[in-house]
Amino acid sequence: MSETVIAVDELAERRTVHHEADVVVVGAGVFGCAVAHALADQGRSVILLERWMKEPNRIVGELMQPGGVNSLRKLGLGHCIEDIDSIPCHGFNVFYYGENVRMPYPRIQGFLGPSDEKVNGSSGKTEEPPRPQGRSFHHGRFITQLRKACLKHPNISVFETEAVSAIKGDHNPEVLGVETRTTNADTGAKQADCFFGQLTVVADGYASRFRKQYIAQAPVVRSKFYALELLDCALPSPGYGHVVIGAASPVLLYQIGSRETRVLVDVPEKLPEASPANGGVRGYMANVVLPALPLSVQPSFRAALDRDAKIPQSMPNSWLPPTKQSVPGLVLLGDAMNMRHPLTGGGMTVALNDVVLLRDLLAPSRIPDLGDAAAVGRAMHAFHWRRKRLTAIINVLAMALYALFAARSAELAKLQRGCFAYFRNGVTRDPMGLLGGLIPDPMVLAYHFFSVAFLAIWLDWKAAGLWKGPFLLWNAFWILWTASRVFLPVMYRELLV
């Protein structure tokens, strides 16, 4: 028996018997599974903790942008979106009060193609780069595939147990691991347990138990997504995500299986159209959302409403800007640390890009011993700033587009009209590259956002009549002021803090 096999067996025994590893990962969701697998691929000994190993049933985390697919393949986990009835996504079709613009993802040089090989003009001739694809799927099926990949990895031990608190040293603030509660299979009673690692990675999701202990800022929630699953829906553009602007707030549709289409209806807090007097959320869906949908979608939407009289499943739409990590022995990542409105489907792209970056910064060639808190601290400082080049774009774009598409004021409605006109004029390559996680340049986002603002001003002038000079200048000021209030505070918080 080789020394390598003996070492792997010894490490596995330490994980299963003594609950000790190089890394303890809390949460076997998208980020947790991906980071556990990535670190294990580097030879690290990893313990992965998950309170519920059954297939989850969530209504978000179902649409992965091309940038996320690219990162998934870089991590060697591209097979996890195969054989789960996933649907290729080629771009988005935006509907604006009956009009629509279909916007494909742009071709990007160096992008990983379906065979995971870069297409960038080698072999003496120029090849056209592949058209990027996103993927949409049932969230639970994808998570199950990720967990299977972790269960098969020789350097990972998976435990079904609920992490409840961090374990700290007696004489310093360093985190040594986590305390958990494990359900006894015979009695059903919960028993205390402990798991120890040189580094603890907490990725326990949007409802994180650990967040309040280590992050001062709480998530900002202004709306919820209510979900329906449509059967055999005739989408106007198969293979595209659909955003519908026409109700009080935007509606998102995308196919998640051969027969199933997910529809997510955004309902802001205290929306009058969804008040109890108007029939609540179901009344809003039937009376306001249904008539605003494309005609081909309406029959399956109505059937889904009639199929179940309960209030549809919902998820809060949160914004949580990123926070620097400074706790020795522990990092808080994934949705536990950073969230954005899910309208643009950017969450998994952020998570998987973060894993790629973290894997490289914590590589054994850089940090042989993860118990070196100073070295890990320097790596996390670099992580905080390097991730912003892509994640700031995705997060700011999500929050800015939601503000425009929900349009809760006259100025935002004018910006909404300008945004659709911008797309209708054919300016879609860069916006779709930004949305897809393919163009990591914040200045490109700023350029296009304020170009939309100036187009909105021009359209307002044309609608009002150019002879109303002072009045138009006043309107232009308020449109530009509104655009700045939407964009600049979020950009500052995401990019510069």
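Use the structure listed above.
Residues numbered from 1 in each chain as written. Predicted model: local features only at pLDDT ≥ 70, side-chain atom pairs only at ≥ 80, totals over all residues. Heavy atoms only, no water.

J.: Any chance you could break down the pairing of strand E12 (residues 220-231) for me, citing the residues and the numbers?
T.: Judged from the six bridges that link them, E12 and strand E16 (residues 314-319) form a sheet pairing that is antiparallel. What sits directly across from Val221, in E16, is Ser318. Where E12 and strand E15 (residues 260-268) come together, nine bridges link them in antiparallel fashion. Bridged to Ser223 within E15 is Pro268. (Pairing = 2+ DSSP bridges. Helix = DSSP H or I, 4+ residues; strand = E, 2+ residues; numbered from the N terminus.)

J.: Tell me about empty space enclosed by the protein, residues and numbers included.
T.: What the rule picks out here adds up to two cavities of 30 Å³ or more. Empty space within the largest cavity amounts to approximately 310 Å³. Contributing to the lining of the largest cavity are 22 residues, with Leu397, Leu401, Cys419, Phe423 and Pro431 lying nearest its centre. At the level of elements, strand E5 (91-96), helix H10 (388-406), helix H11 (410-424), helix H12 (429-435) and helix H13 (442-464) are the ones that each hand at least two residues to the lining of the largest cavity. Ranked by the residues each element gives to the lining of the largest cavity, the list is headed by H10, at five residues. Taken together, the residues of the lining of the largest cavity sort by class into 20 nonpolar, two polar and no charged. Looking at the second largest cavity, its volume works out to about 40 Å³. Forming the walls of the second largest cavity are Pro88, Cys89, Ser136, Leu235, Gly239, Tyr240, Gly241, Tyr254 and Gln255. (1 Å grid on protein atoms, 1.4 Å probe; cavity = no way out; pocket = protein on both sides within 12 Å on 5 of 7 lines; lining within 4 Å. Points joined across faces, edges and corners; volume = space filled by probe spheres on them. Nonpolar A, V, L, I, M, F, W, Y, C, P; charged D, E, K, R; others polar.)

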